[in-house]
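Below are the chains, spelled out letter by letter.
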There are 2 protein chains.
Amino acid sequence: MSRQITPTQVDSAVTRSTQTITPLSSIRIDKDASTPIYLQIAEAIGSLLASGVLPPGYVLPPERVLCAQFGISRMTLRQAMSLLDREGLINSRRGVGTVVTHSRLRKQEQEALSFSEEIRARGGRPESRLISFELAIPTPPVRDFFELHELQKVYEIQRVRLKDGEPLALEFARLPERLCPGLERFDLARSSLYEILDQSYGIRTETCEEEISAEIPNSRQRKLLSLPARTAVLVINRKAYMEDGRPLELTRSVYRGDRYSAIIHSVRKNRSILPATGS
Amino acid sequence: MSRQITPTQVDSAVTRSTQTITPLSSIRIDKDASTPIYLQIAEAIGSLLASGVLPPGYVLPPERVLCAQFGISRMTLRQAMSLLDREGLINSRRGVGTVVTHSRLRKQEQEALSFSEEIRARGGRPESRLISFELAIPTPPVRDFFELHELQKVYEIQRVRLKDGEPLALEFARLPERLCPGLERFDLARSSLYEILDQSYGIRTETCEEEISAEIPNSRQRKLLSLPARTAVLVINRKAYMEDGRPLELTRSVYRGDRYSAIIHSVRKNRSILPATGS
DNA sequence: CTAGACCTAATGTCTAGACAAATAACGCCT
DNA sequence: AGGCGTTATTTGTCTAGACATTAGGTCTAG
């Protein structure tokens, strides 16, 4: 709101002269460092973007000028620019130049967070109350999802999830026993399930697919969530996969509709290398 | 499910010999074409990936072999590989090689679709019934969102959205008059709003931010959506921005909870050039 | 005053190398 | 067998150029 520099002023007064000092002049790189040059430059420019030193609309000096300034090859500089462009931080146009993108257009990859992480990210204090913990034979659809044989079992964990001491969600998580044998040894009311999996089993989830729907809560859900009358719930079914693509977790979460909403960032026009599927 | 080639077999029997014919041998590039070489290669490999000719786990020939095969420089090949890597289609590791990623780990960027597009993508027939169309003075929060002055007005469009002839959602869209003056001339029951904006005003939305929550419908919503008793609704508040970052659209959609659910793809660990914000 | 030709500056594409660093496989020695 | 150093293979990083393509401005001819 209180930007002193408009794009036009920047363009004419500062950018186009190679002699003038630009905000980029302050960047120093270390060619002998263990982090590659292109990363040093991308991070340096990235923090100038984040701090607002380079405002949206700012026209960067031409690549050749920057190359000379940093004493590097143009391909190396372009590797740095490519990283910034990939995240939607800058926008290069042939014959014109490179411009800092409007902050609202920066690409935010949808990030998969655990309940604890999400609550903390929203500035709350996460807690858990364990309702039940079982090692059970899965129903056929669950067994199919986990690609299990007849006799293999899954852990079924039901917890009430609290934010700042208040019930927020009811969580029913399922994990195959094969991936985390002995899970019953851990105190799931105290520790984050994702931390246990990571630290004790070396297992991390890599991608998630979530389906979000709205429902009227049943009496059990109303009781466990202390739901006021005439309140809907947000139901999130999450399928989580590991780094090698194997299914890891199948969770159904029921959130209080009056206290929680999901947030999605999306972009228009997903031009992909892959041909469109159409399903 | 019926893959004949396991990663190991591929590795030992096909990939590691530069003389043997690999599925990549079929790729032909045209150095004089208007599409750059690296794009030709990326698209060619991309379609081999999509068709399943290169199954997950398949080890690609070394870069130097491919370079020789295509008669191109290594940097050019790496530019193609970079595109594929960016979409999570392949995974390169120094000292090891490049492997085709498991299909579930392919990065799907969350895509912003209009109602019509989404219904069609799900295999349905979209329709609209116009309820009201007004040019009104916005409330202060709406005016703030659109960054308007005191007297500037916004179009307010209420429609019932149908899928295959059945009511699915109630949509309340708002657009600033300034961006699309004369919008009232168009038949919004017949044409897609996004198509009108694109074709008649040259306006496209670039990014969206959606907030999804669950509510109990009021009597008006129940009536317009022909909602059965004891059904919740999914409420989606969408903020859409144009290619230059200016706000374009503010829409509140109310979906039937028994017929619609939102789907989200997300990834774990969003390593970014930008320092973490923490808000 | 306008239309078109020309020029300039910017990014896009590409080359043919070089060295570095990580990994895995091999062979040797114990 | 088992551990350890060596070596070969592979991708990662980087260079110093070259020409192509695009956009926009300038100049000129009509």
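Scroll up to find the structure.
J.: Could you clarify how one ought to interpret unusual backbone geometry in this entry?
T.: Comment: phi is negative for the bulk of residues other than glycine, and the bulk of peptide bonds are trans. Residues and elements named next belong to chain B. For E147, which is not a glycine, the phi torsion comes out positive at approximately 55°. Relative to the elements of secondary structure, E147 occurs in the loop between helix 6 (140-146) and strand 4 (154-163). Relative accessible area serves as the criterion here: at 45%, E147 is assigned to the partly exposed category.

J.: Before we go on, may I ask you to explain the protein's contact with DNA strand C in this structure?
T.: Around DNA strand C there are 29 residues in total, and R64, R74 and R78 of chain A together with I37 and T76 of chain B lie nearest to it. If you look at DNA strand C and keep only atoms within 4 Å of the protein, 68% of those are sugar or phosphate atoms. Backbone polar atom of S73 of chain B to a phosphate oxygen of DNA strand C: 3.0 Å apart, as the coordinates give it. In the model, a sugar or linking oxygen of DNA strand C is placed 3.0 Å from a nitrogen or oxygen of the R94 of chain B side chain. Put simply, the parts of the chain that give the surface near DNA strand C at least two residues each are helix 3 (63-70), helix 4 (74-86), strand 1 (90-93) and strand 2 (97-100) of chain A together with helix 2 (37-51) and helix 4 (74-86) of chain B. Here the residues of the surface near DNA strand C sort into nine nonpolar, eight polar and twelve charged.

J.: Help me out: how do you make sense of the nonpolar core in this one?
T.: Where a protein is soluble and globular, its nonpolar side chains tend to be buried together. Judged by nonpolar contacts, the single largest core of 27 residues is most densely connected at I212, L234 and Y255 of chain A together with I212, L234 and Y255 of chain B. In this structure, L48, L60, F70 and L89 of chain B belong to the second largest nonpolar core, which totals 24 residues.

J.: Even after reading the chapter, I still don't get the packing of aromatic side chains, so can you show me in this structure?
T.: The description of an aromatic ring pair rests on the distance of the ring centres and on the angle between the ring planes. Residues and elements named next belong to chain A. For the structure shown, the criterion picks out twelve aromatic pairs over all chains. A centroid spacing of 5.5 Å and a plane angle of 50° characterise the contact between F133 and Y155, whose relative ring orientation is tilted. Taken together, the residues F133 in strand 3 (residues 126-136) and Y155 in strand 4 (residues 154-163) connect sequence positions 22 residues apart. Judged by its relative accessible area of 25%, F133 is partly exposed.

What counts and how
Residues numbered from 1 in each chain as written. Chains lettered and ligands numbered in written order. Predicted model: local features only at pLDDT ≥ 70, side-chain atom pairs only at ≥ 80, totals over all residues. Heavy atoms only, no water. Helix = DSSP H or I, 4+ residues; strand = E, 2+ residues; numbered from the N terminus. Buried < 20%, exposed > 50% of the residue type's maximum accessible area, 1.4 Å probe, protein only. Near = heavy atom within 4 Å. Polar contact = N/O pair within 3.5 Å; in protein donor to acceptor, adjacent residues only side chain to side chain. Nonpolar A, V, L, I, M, F, W, Y, C, P; charged D, E, K, R; others polar. Core = buried A, V, L, I, M, F, W, Y, C linked by side-chain atoms within 4.5 Å. Phe/Tyr/Trp six-rings, centres within 6.5 Å; stacked < 30°, edge-to-face > 60°.

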